[in-house]
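# Observations on the three-dimensional arrangement
Below are the chains, spelled out letter by letter.
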There are 2 protein chains.
Amino acid sequence: MRYFVVVGHKATTSPNFSLEDIPGTSGRLDILCRSVTAAFVISHGIRKDVCVYLVLLGGDVPKTIRLCGETLRHLNPDERTTAALLKKALNVPATPEWDMTTSGIFVRTGGLAQVLEDLKSARLIYLREDGTNICGPVSGTFKGDAAFILGDHTGMTPEEEAMITGAGAEVISLGPTSLHADHCIVLINWFLDTCPI
Amino acid sequence: MRYFVVVGHKATTSPNFSLEDIPGTSGRLDILCRSVTAAFVISHGIRKDVCVYLVLLGGDVPKTIRLCGETLRHLNPDERTTAALLKKALNVPATPEWDMTTSGIFVRTGGLAQVLEDLKSARLIYLREDGTNICGPVSGTFKGDAAFILGDHTGMTPEEEAMITGAGAEVISLGPTSLHADHCIVLINWFLDTCPI
């Protein structure tokens, strides 16, 4: 399974944002919407072997939305449709246990620490510009479960970095150009698709 | 310069589409909007060395919108903002000559044949699943002006294919998975960024 974890530092945990102005009213949930489509959407369907965790830290209590490709329905490639699915997920009173809000989409309270705990049996990879280049020999070993951890436009805090590296994550770079999270996910999917072993 | 040409077979040439339902009212202009952001947007700005041609074939008379990174302004990473810029471009009565509608955005009547004529001094690359793999020795030669030609969700017609290959385009593939146009553009930008020569 391919896991993508995207941390939205300002991303709202409330459904009260406007689909007419997603960037301006949701704490940049648009970044997370594009990350979701980058993770799942291919030309004739969606990837079944992908699972996405969106960590939303822009409310009083953190929430996490999980999307699982195997059962995910109603996902279209456009940003607004994805935002509407997330809005539905945020409309449910979240608890520390996962609640399914539409097919393949789940919500709970909790943030990055809980996600890292969920993924402790996967190989953890933290994407950062100064990491080991993905084109090196490391890419040959992306077999089994791998979880890729990405920040949003504000980057990770020192506390989050400590938590991620403390969980054993390797730090890997996609190259010299600093890219948006969704573009990084497109590249990682391509690496995993084309990786010969 | 990196050129990206995206052909929207159903894409509207009229500004009368709804920003509240771009996929459903514009002949899938959403695909072209995402292609634009994939082509230009990086973490802290936009790529200056990119130029995008959107070929809109969903009206009585074809139109082409050209976006030039060097002077492009007001482009945000979200889909709706891009659609609003294209709406402005389509609001101008187009002629066979380029008209600037906002900084770095131009519109004219005409379709793929005219674009291929504009780009005749660039190396032409047509992206298709059964082409030569981009990871082969070919990628080492992407120097100078290169124009990448992509279809939308309906693929190219036989007439368009004949026009493209007749203009001397090489046929190149990004790998085994059939990807959306915007994701192809992300990958091509990455190849051009990381290509050692």
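Since this is a predicted model, take the numbers as computed values, not measurements.

## Regarding the overall build of chain A
- Regarding its fold elements, chain A presents six helices and 10 strands.
- Once the C-alpha set of chain A is aligned to its principal axes, its extents read approximately 45 × 40 × 30 Å.
- The burial tally for chain A puts 58% of its 197 residues in the buried class.
- Within chain A, residue pairs in contact and separated by at least 24 positions form 69% of the contacts whose partners lie at least 6 positions apart.
- Roughly 7,800 Å² of accessible area belongs to chain A as shown, and the carbon and sulfur atoms make up 53% of that amount.
- Across chain A, the centroid of the 17 positively charged side chains sits 5 Å from that of the 22 negatively charged ones.

## Re the relation of the copies chain A and chain B
- Under the fitted operation, chain A is carried onto chain B by 0.0 Å of movement along the axis and a turn of 180°, and the coordinates agree to an RMSD of 0.0 Å. Expressed as an axis order, the relation between the two copies is that of a two-fold axis.
- A shared interface surface links the copies, since 97% of the contact residues of chain A are contact residues in chain B too.

## A closer look at the sheet that holds strand β5 (residues 63–68) of chain B
All names here are of chain B.
- On the basis of which strands lie adjacent, the open sheet formed by eight strands has the order β6-β7-β5-β4-β1-β9-β8-β10 and mixed pairing. Where the open sheet ends on each side, the last strands, each with one partner, are β6 (99–102) and β10 (170–173). On average, adjacent strands in this sheet sit at an angle of 30° to one another, irrespective of strand direction.
- The sheet contact formed by strand β1 (residues 2–8) and strand β4 (residues 50–56) spans seven bridges and is parallel. Within the sheet, the bridge partner assigned to Arg2 lies in β4 and is Val50.
- Packing of helix α2 (residues 29–40) onto the sheet brings it into contact with β1, β4 and β5, and relative to β4 it is tilted by some 170°.
- Sheet strands touched by helix α5 (residues 158–166): β1, β8 (123–133), β9 (146–150) and β10. Its angle to β8, the strand with the most contacts, is close to 125°.

## Focus on the confidence of the model for chain A
- Predicted confidence across chain A gives a mean pLDDT of 93, with 95% of residues reaching 70 or more.
- Here the complex is predicted with pTM 0.95, and the ipTM for its interfaces comes to 0.93.

## Some remarks on the interface of chain A and chain B
- With 31 residues of chain A at the contact, the number on the chain B side is 30 residues.
- Here chain A packs against chain B, burying approximately 2,600 Å² in sum over the two surfaces, 63% of which is carbon and sulfur.
- On the chain A side of the interface with chain B, the three residues burying the most area are His180(A), His183(A) and Trp190(A), jointly 22% of the side's total.
- Elements with a minimum of two residues in the side of chain A that touches chain B: α2 (29–40), β2 (41–42), α3 (79–90) and α6 (181–194) of chain A.
- Along the lines of polarity and charge, the residues of the side of chain A that touches chain B split into 14 nonpolar, eight polar and nine charged.

## Overview of the nonpolar core
- In terms of nonpolar packing, the biggest core is built from 99 residues, with Phe40(A), Leu54(A), Ile65(A), Leu54(B) and Ile65(B) touching the most fellow members.
- Those residues in contact with Leu54(A) that sit more than four places away from it in its chain are Val6(A), Leu32(A), Val36(A), Lys63(A), Thr64(A), Ile65(A), Leu67(A) and Leu86(A).

## Concerning the pattern of salt bridges
All names here are of chain A.
- The tally for this structure, following the rule as stated, stands at 26 salt bridges over all chains.
- Of the charged contacts in the structure, one is a salt bridge between Arg80 and Glu20, with a shortest N-O distance of 2.7 Å. With a gap of 60 residues between them, Arg80 in helix α3 and Glu20 in the loop between β1 (2–8) and α1 (22–25) connect regions that are remote in the sequence.
- Among the residues examined, Arg80 registers a relative accessible area of 24% and is labelled partly exposed.
- A salt bridge links Asp193 to Arg47; its shortest N-O distance comes to 3.0 Å. Here Asp193 is found in helix α6, whereas its partner Arg47 is found in the loop between β3 (45–46) and β4 (50–56), with 146 residues between them in sequence.
- Judged by relative accessible area, Arg47 falls into the buried class, the value being 7%.
- Three or more residues joined by partner-sharing salt bridges are found here, namely Arg28, Asp30, Arg34, Glu79 and Asp182.

Rules behind the numbers
- Residues numbered from 1 in each chain as written.
- Chains lettered and ligands numbered in written order.
- Predicted model: local features only at pLDDT ≥ 70, side-chain atom pairs only at ≥ 80, totals over all residues.
- Heavy atoms only, no water.
- Helix = DSSP H or I, 4+ residues; strand = E, 2+ residues; numbered from the N terminus.
- Buried < 20%, exposed > 50% of the residue type's maximum accessible area, 1.4 Å probe, protein only.
- Contact = heavy atoms within 4.5 Å.
- Areas by Shrake-Rupley, 256 points an atom, 1.4 Å probe, with all protein chains shown as cover.
- Lys, Arg positive; Asp, Glu negative; His and termini not counted.
- Charge placed at Lys NZ, Arg CZ, Asp CG, Glu CD.
- Least-squares fit on C-alpha atoms with pLDDT ≥ 70 in both.
- Pairing = 2+ DSSP bridges.
- Axes fitted to C-alpha atoms, helices over the stretch in contact; angles between N-to-C directions.
- pLDDT = per-residue confidence, 0-100.
- Buried area = accessible area lost by both parts, 1.4 Å probe.
- Nonpolar A, V, L, I, M, F, W, Y, C, P; charged D, E, K, R; others polar.
- Core = buried A, V, L, I, M, F, W, Y, C linked by side-chain atoms within 4.5 Å.
- Salt bridge = Lys/Arg side-chain N within 4 Å of Asp/Glu carboxyl O.

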